[in-house]
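# Observations on the three-dimensional arrangement
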Amino acid sequence: MDYAGAWSAERGRCHRLVYDPEGKPTGCPKQPVTSGWRSDYLGRWYAVDACSRHASQVEGRPRPRWR
Ligand SMILES: [Zn+2]
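Residues numbered from 1 in each chain as written. Predicted model: local features only at pLDDT ≥ 70, side-chain atom pairs only at ≥ 80, totals over all residues. Heavy atoms only, no water.

Right, let's get into the coordination of the zinc ion. Four donors placed tetrahedrally around a metal ideally meet at 109.5 degrees, and six donors placed octahedrally ideally meet at 90 or 180 degrees. Protein-derived ligands of the zinc ion are Cys-14 (SG), Cys-28 (SG), Cys-51 (SG) and His-54 (ND1), with the metal-ligand distances lying across 2.0 to 2.3 Å. Given 4 donor atoms and angles of 105 to 114° at the metal, the environment of the zinc ion is assigned as tetrahedral. Along the chain, the residues that donate to the zinc ion are spaced as C-x13-C-x22-C-x2-H. Per residue, the accessibility class of Cys-51 equals that of His-54, and both read buried. (Donors = N, O, S within 2.8 Å, 3.2 Å for Na, K, Ca; no water. Tetrahedral: all angles 85-135°; square planar, octahedral: opposite > 155°, others 65-115°. Buried < 20%, exposed > 50% of the residue type's maximum accessible area, 1.4 Å probe, protein only.)

What follows is the structure, encoded as structure tokens:
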């Protein structure tokens, strides 16, 4: 189960946080298969990696949110 909308900008692993079997948030353990971009709540963009399950949650390129 995904942990809210939480994610991490750490590279080399899937950026999403998920619940571990004990219900604590942990980094998604799946192998990253793609890279993309996500913006934080301030509109700053970060390059991130994503596994196949979370690949649809990243953008192909940074997109200014004020447009
Ligand atoms: Zn993932």
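Picking up where we left off.
In this structure the tally under the stated criterion is 4 salt bridges. Residue Asp-49 pairs with Arg-11 through a salt bridge whose shortest N-O separation is 2.8 Å. Taken as a pair, Asp-49 in strand 5 (residues 45–50) and Arg-11 in the loop between strand 1 (2–7) and strand 2 (16–19) lie far apart in primary sequence, 38 residues in all. Looking at Arg-11, the relative accessible area reads 45%, which means it is partly exposed. We note a salt bridge from Asp-40 to Arg-44, for which the minimum N-O separation is 2.9 Å. Look at Asp-40 and you get buried, because its relative accessible area is 11%. (Salt bridge = Lys/Arg side-chain N within 4 Å of Asp/Glu carboxyl O. Helix = DSSP H or I, 4+ residues; strand = E, 2+ residues; numbered from the N terminus.)

On strand 2, burial follows the alternation: Arg-16 and Val-18 on one face are buried, whereas Leu-17 and Tyr-19 on the facing-out side are not. Summarising the sheet, strand 2 and strand 3 (residues 25–27) pair through 3 bridges and their orientation is antiparallel. The residue bridging Leu-17 from the neighbouring strand is Gly-27, located in strand 3. Where strand 2 hands over to strand 3, the hairpin turn is made up of 5 residues, of which Gly-23 adopts a positive phi near 85°. (Pairing = 2+ DSSP bridges.)

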